[in-house]
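# Working through the structure, step by step
Below are the chains, spelled out letter by letter.
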Protein chains: 2
Amino acid sequence: MAKELEFLTKRSEDYSKWYNELVVKADLAEQSDVRGCMVIKPYGYAIWEKMQGILDAKFKLTGVQNAYFPLLIPKSFLSREAEHVEGFAKECAVVTHYRLKTNETHDGVVVDPEAKLEEELVIRPTSETIIWNTFKNWIQSYRDLPLLINQWCNVMRWEMRTRLFLRTSEFLWQEGHTAHSTREEAEERAKMMLQVYADFAEQYMALPVIRGVKSESERFAGALDTYTIEAMMQDGKALQAGTSHFLGQNFGKAFDVQFLNRENKAEYAWATSWGVSTRLMGALVMAHSDDNGLVLPPALAPLQVVIIPVGKPANMPTLDSKAAEITAGLKALGLSVKYDNADNKRAGFKFADYELRGVPVRLVLGMRDLERGEVEVMRRDTLEKQSVPLGGIEAYVKGLLDDIQQNIYRKAKEARDARVYECSSYAEFKERIKDGGFFLCPWDGTAETEARIKEETQATIRCVPFGVEQTPGVDMVSGRPSVARVLIARSY
Amino acid sequence: MAKELEFLTKRSEDYSKWYNELVVKADLAEQSDVRGCMVIKPYGYAIWEKMQGILDAKFKLTGVQNAYFPLLIPKSFLSREAEHVEGFAKECAVVTHYRLKTNETHDGVVVDPEAKLEEELVIRPTSETIIWNTFKNWIQSYRDLPLLINQWCNVMRWEMRTRLFLRTSEFLWQEGHTAHSTREEAEERAKMMLQVYADFAEQYMALPVIRGVKSESERFAGALDTYTIEAMMQDGKALQAGTSHFLGQNFGKAFDVQFLNRENKAEYAWATSWGVSTRLMGALVMAHSDDNGLVLPPALAPLQVVIIPVGKPANMPTLDSKAAEITAGLKALGLSVKYDNADNKRAGFKFADYELRGVPVRLVLGMRDLERGEVEVMRRDTLEKQSVPLGGIEAYVKGLLDDIQQNIYRKAKEARDARVYECSSYAEFKERIKDGGFFLCPWDGTAETEARIKEETQATIRCVPFGVEQTPGVDMVSGRPSVARVLIARSY
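Residues numbered from 1 in each chain as written. Chains lettered and ligands numbered in written order. Predicted model: local features only at pLDDT ≥ 70, side-chain atom pairs only at ≥ 80, totals over all residues. Heavy atoms only, no water.

### What to know about the overall build of chain A
On a plain count of helices and strands, chain A comes out with 14 helices and 25 strands. The globule rule puts the C-alpha radius of gyration for 492 residues at 23 Å, and the 26 Å found for chain A is close to it. Taken along the three principal axes of its C-alpha coordinates, chain A extends 80 × 70 × 55 Å. Here chain A holds 492 residues, and 59% of them are scored as buried. (Helix = DSSP H or I, 4+ residues; strand = E, 2+ residues; numbered from the N terminus. Rg over C-alpha atoms; globule rule 2.2 N^0.38 Å. Buried < 20%, exposed > 50% of the residue type's maximum accessible area, 1.4 Å probe, protein only.)

### Here we look at the relation of the copies chain A and chain B
It takes a turn of 180 degrees to lay chain A on chain B, together with a shift of 0.0 Å along the axis; the resulting RMSD is 0.0 Å. The transformation just described matches what one would write down for a two-fold rotation axis. Nearest to the rotation axis, the C-alpha of V95 of chain A is located 2.1 Å from it, this being the minimum over chain A. A share of 100% of the interface residues of chain A reappears at the interface of chain B, consistent with the copies meeting face to face through the same patch. (Least-squares fit on C-alpha atoms with pLDDT ≥ 70 in both. Contact = heavy atoms within 4.5 Å.)

### Considering helix α6 (residues 183-203) of chain A
Between its terminal C-alpha atoms α6 of chain A stretches 30 Å, which fits the 30 Å expected from 21 residues at 1.5 Å a residue. Turning to α6 of chain A, its buried residues are A186, E187, R189, A190, M193, L194, V196, Y197, A198, F200, A201 and E202 of chain A. (Expected span 1.5 Å × (residues − 1).)

### Some points on helix α9 (residues 316-332) of chain B
All names here are of chain B. Across its 17 residues, α9 extends 24 Å between first and last C-alpha, which sits within 8% of the 24 Å expected from 1.5 Å per residue. All of the buried residues along α9 are M316, L319, A323, I326, T327, G329 and L330. The arc that holds the buried residues of α9, viewed along the axis, is 165 degrees, so those residues lie on one side. The outward face of α9, more than 90 degrees from its buried face, is lined by the exposed residues P317 and A332. (Arc of directions from axis to C-beta.)

### Some words on the sheet that holds strand β22 (residues 420-422) of chain A
Residue and element names in this part refer to chain A. The strand order across the open sheet formed by 11 strands is β3-β9-β10-β16-β13-β12-β11-β24-β25-β23-β22, and the pairing between neighbours is mixed. Looking at strand neighbours, the two that pair on one side only are β3 (65-66) and β22, the edges of this open sheet. Taken strand by strand, helix α2 (residues 42-61) contacts β3, β9 (147-156), β10 (170-180) and β16 (270-277), and its axis lies near 165 degrees from that of β9. Taken strand by strand, α6 contacts β9, β10, β11 (210-213), β12 (225-232), β13 (238-248) and β16, and its axis lies near 165 degrees from that of β13. (Pairing = 2+ DSSP bridges. Axes fitted to C-alpha atoms, helices over the stretch in contact; angles between N-to-C directions.)

### Regarding the confidence of the model for chain A
Per-residue confidence for chain A gives a mean pLDDT of 95, with 99% of residues at or over 70. Confidence metrics for the complex model read pTM 0.96 and ipTM 0.96. (pLDDT = per-residue confidence, 0-100.)

### Digging into the interface of chain A and chain B
Interface size, as often reported, equals the accessible area lost upon joining of the parts. On the side of chain B, 73 residues touch chain A, which itself brings 73 residues to the contact. Carbon and sulfur atoms supply 62% of the area that chain A and chain B bury against each other, a total of about 5700 Å² over both sides. Run the count over chain A and chain B and you get four salt bridges. For E49 of chain A, the salt bridge goes to K60 of chain B, with nearest N and O atoms at 3.1 Å. Applying the counting rule to chain A against chain B returns 28 residue pairs in polar contact (both at pLDDT 80 or more). For the side of chain A that touches chain B, the per-class residue count stands at 41 nonpolar, 14 polar and 18 charged. Across three bridges, strand β5 (residues 94-97) of chain A lies against strand β5 (residues 94-97) of chain B in antiparallel orientation. Residue pairing for β5 of chain B: H97 of chain A is matched across the bridge by V94 of chain B. (Buried area = accessible area lost by both parts, 1.4 Å probe. Salt bridge = Lys/Arg side-chain N within 4 Å of Asp/Glu carboxyl O. Polar contact = N/O pair within 3.5 Å; in protein donor to acceptor, adjacent residues only side chain to side chain. Nonpolar A, V, L, I, M, F, W, Y, C, P; charged D, E, K, R; others polar.)

### Focus: the packing of α2 of chain A against α6 of chain A
All names here are of chain A. Put simply, α2 and α6 touch, their axes get as near as 11 Å, and they point 145 degrees apart. Seen from above, α2 lies across α6 with right-handed handedness. Note on element contacts: α6 touches α2 through M193, V196, Y197, D199, F200 and Q203, opposite M51, I54, L55, K58 and F59. Considering only residue class, the contact of α2 with α6 consists of eight nonpolar, one polar and two charged. (Left-handed = near helix turned anticlockwise from the far one by under 90°.)

### Structural notes on unusual backbone geometry
A cis geometry characterises the amide bond from L145 of chain A onward to P146 of chain A, with omega recorded as -5 degrees. Looking at the secondary structure, you find P146 of chain A in the loop between α5 (128-138) and β9. Of note, the phi angle at N264 of chain B is positive, near 65 degrees, even though the residue is not glycine. Among the secondary structure elements, N264 of chain B is positioned in the loop between β14 (258-260) and β15 (266-268). Judged by its relative accessible area of 58%, N264 of chain B falls in the exposed class.

### A word on the packing of aromatic side chains
The final tally for this structure, using the stated rule, is 35 aromatic pairs over all chains. Summarising the aromatic geometry, the rings of W132 of chain B and F135 of chain B are spaced 5.2 Å apart at their centres and angled 65 degrees between planes, so their arrangement reads as edge-to-face. On the criterion of helical spacing, the pair formed by W132 of chain B and F135 of chain B is a turn pair, its members being three residues apart in helix α5 (residues 128-138). Owing to a relative accessible area of 0%, F135 of chain B belongs among the buried residues under this scheme. An aromatic cluster is built from W48, F59, W152, Y197 and W274 of chain A, whose rings are joined through pairwise contacts. (Phe/Tyr/Trp six-rings, centres within 6.5 Å; stacked < 30°, edge-to-face > 60°.)

### Details of the pairing of β13 of chain A
Residue and element names in this part refer to chain A. Taken across its 11 residues, β13 has 10 buried, putting it largely inside the fold. In this sheet, β16 lies alongside β13 in antiparallel orientation, the contact comprising five bridges. Of the residues in β16, the one forming a bridge with F246 is T272.

### As for the sheet that holds strand β21 (residues 385-389) of chain A
Residue and element names in this part refer to chain A. Taken in spatial order, the five strands of this open sheet run β18-β17-β19-β20-β21, and their pairing is mixed. Each edge of the open sheet is held by one strand with a lone partner, namely β18 (337-339) and β21. For this sheet the average axis-to-axis angle between neighbouring strands, irrespective of direction, equals 25 degrees. Across four bridges, the pairing between strand β19 (residues 361-366) and strand β20 (residues 374-379) is antiparallel. Residue V364 lies in a different strand from β20, and its bridge partner there is E376.

In structure tokens:
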């Protein structure tokens, strides 16, 4: 994977190109030879694994258990829930045969027409149907509820235009599916999982998010309510980072999942589903990184500290030995550390490479520093360098990592807050939306107005945000009385 | 998931039926409505997660990194390696279309003939082809090697006859893929990973295994050597629990993966691949469990200790309080513990249910015991009960779990060792193989003899075992001089 460090396009020149280049150059992911499917490279996967580990523990603390359901879904399952099929059945990979055979010229394989499936199978775009078909056998009584299940898996949606992490035909995700005996409990669970996602985004990804509920036209296909967390990227566009759906009894009815309640009467079970995906990787990159490369929050950085020696060959044994001491001390504090004394790369190359990869803290060990009892410390978020006494360097670095984590969040929050605008004039909105930003606007609640905004400005209603004072107002487009102040933005 | 405890078929009556029933009744897995694909239920998945966690850490200690490659493989990739296509291209799920559309009667969906793929895609049966196609871009110089990659994923092989965990069309596994600059290093890696699997099987699964190398006809399609670990089930049949392949330069050549060596000359990279799958779950169940249900080694048991109170309602507060104290003490030792004071199930039902689920240690708390300062402890492996003083119960239970882990291994090893036979007479072999067992027999090294044994006895050469003294001998079938003493058995 050796590779010359090349020029990275600047964000100000072409934000979109900067992102595409950075994902590849920082070794996070690359396009595969299979249309729309990506290869997640080891460095990118290591970040995803950290995300998985933290989220998985959070889910389990709320009583969720992991399980695994089939990749393939019978075509007929998709049609059971009327809205769901509209939303998902269309663009998906269809398995029609189960065998290949050698071709006539004996130099390849062809599909064996004899091996045609009676009913086609679809690669899961999401698993509500197959899971609720299974839940039918698991749920008889209120004592079997709530049933709190999650699976980590791959899913596939045949996308026409793809971008690494943000929109790929195959992606990795977790999908939680829960069944409840009451409407209230299901609604509470849907909101609870949104809060888990929001906490994860803010505390680990250092990504401030706005929590809210989607408008009807932006809901998950088959949901009564879709809750969302919306984050702002550096170009002022919104990225939907996670959603949690209250599905009512739609899937309970579609798959006939009934339970006997305490009064021994049959009722349909209430459902939720909720998911986050490798799309979070895209959000992480887009939110914090700069023209030098990735800026990773220490909580998710696979490598938190890199130590690089600078000196003549004769001095290397001294530097190696001091580095070993510091490394051991940092590891004892639970930090991930790498000492890079490879002699086939110049120090300058290494500096740029670890900056590109977003390693939060870099220590440079030189003889002159060492003689003064110091080491040069650089923090990736601000690129500031400082000489720090070697005595107590471990505690200093640990404190610095905490500070970096907080600073990245603070910076992202300040940048976002500065671009959230109250706006009640459609003329003003149409002008300002070109520069990005989140607009809080009064909305009359009609799909008609929503469609017009989308058509005329490419912006969409991201959500009705929670915790925003809902004072009476007038819809900026139709002039009709508003039913809510909604968050409008262009989005990924 | 409430369910009456039902009769479990005895092993002696019908071992196969016992296994099928146990997997379902112990809530490990069940058949889905998709042919050959299983649902792994939360209790089964929790065991798989433990296996994953331990193996993943072991892989990483040897320098392996995780990554993720596409689920779908272009049909033409499979034909690149001549033997590989023979072994894998035939029975696999083929994606031919990427869209469904509403049918004419508007009550379902049909495949949209307009959305036919130019080249069909196959759901990965294994990923050598797509990974080596990617490695081509990652490897330029000897400095990029070794490349040590692993992925945890689902794979699909269209099996005609399936059994939960042992043989399913879709299964979960890990597949390691490494590239090296020398033949020696690749061979060493293939053997190293076999040793990782063997240690895992013996130390965690409590499953003694025989390490060896496969005969040519039993090799992985495209390998120069396949190393294997073979375990004996209680019916005397062999189960291949993991394999590690030395692939030579076959995939390097098929996908043109060349690197510049130290002398700046281009060479093809050397390859290995290695995998274990959810099949290990089947091995775990078949090797240790009994007529009462699962017997789980404590190292893999999702729940290690269950505490059950027995007493009148009036005494429950006293028992609850004592149980809370014991639970806290056990958890402080890192053990997983559940206190089950549910009042809607009889104690007898609970006893049987936790036995069925293989919880290694059960504590029963009763008032009389409590007054004597004792608690009743049952170990699942032997079903022995004992009264143990409450003082120091935590350390006692921890020690007991260690003892159970070792005892399960010892028992499996003694049972296996008693059924490994030296055999040089084909007549004797044909008679005795009916009762199962592992037979060490002299073999002339020909595929012809191997095929005859298989045809006449349904037994196969499992491997040329390592560490068996290879004295000269005469092939028991052909009478020709033997080249090796091989392990022959019927197998899963």
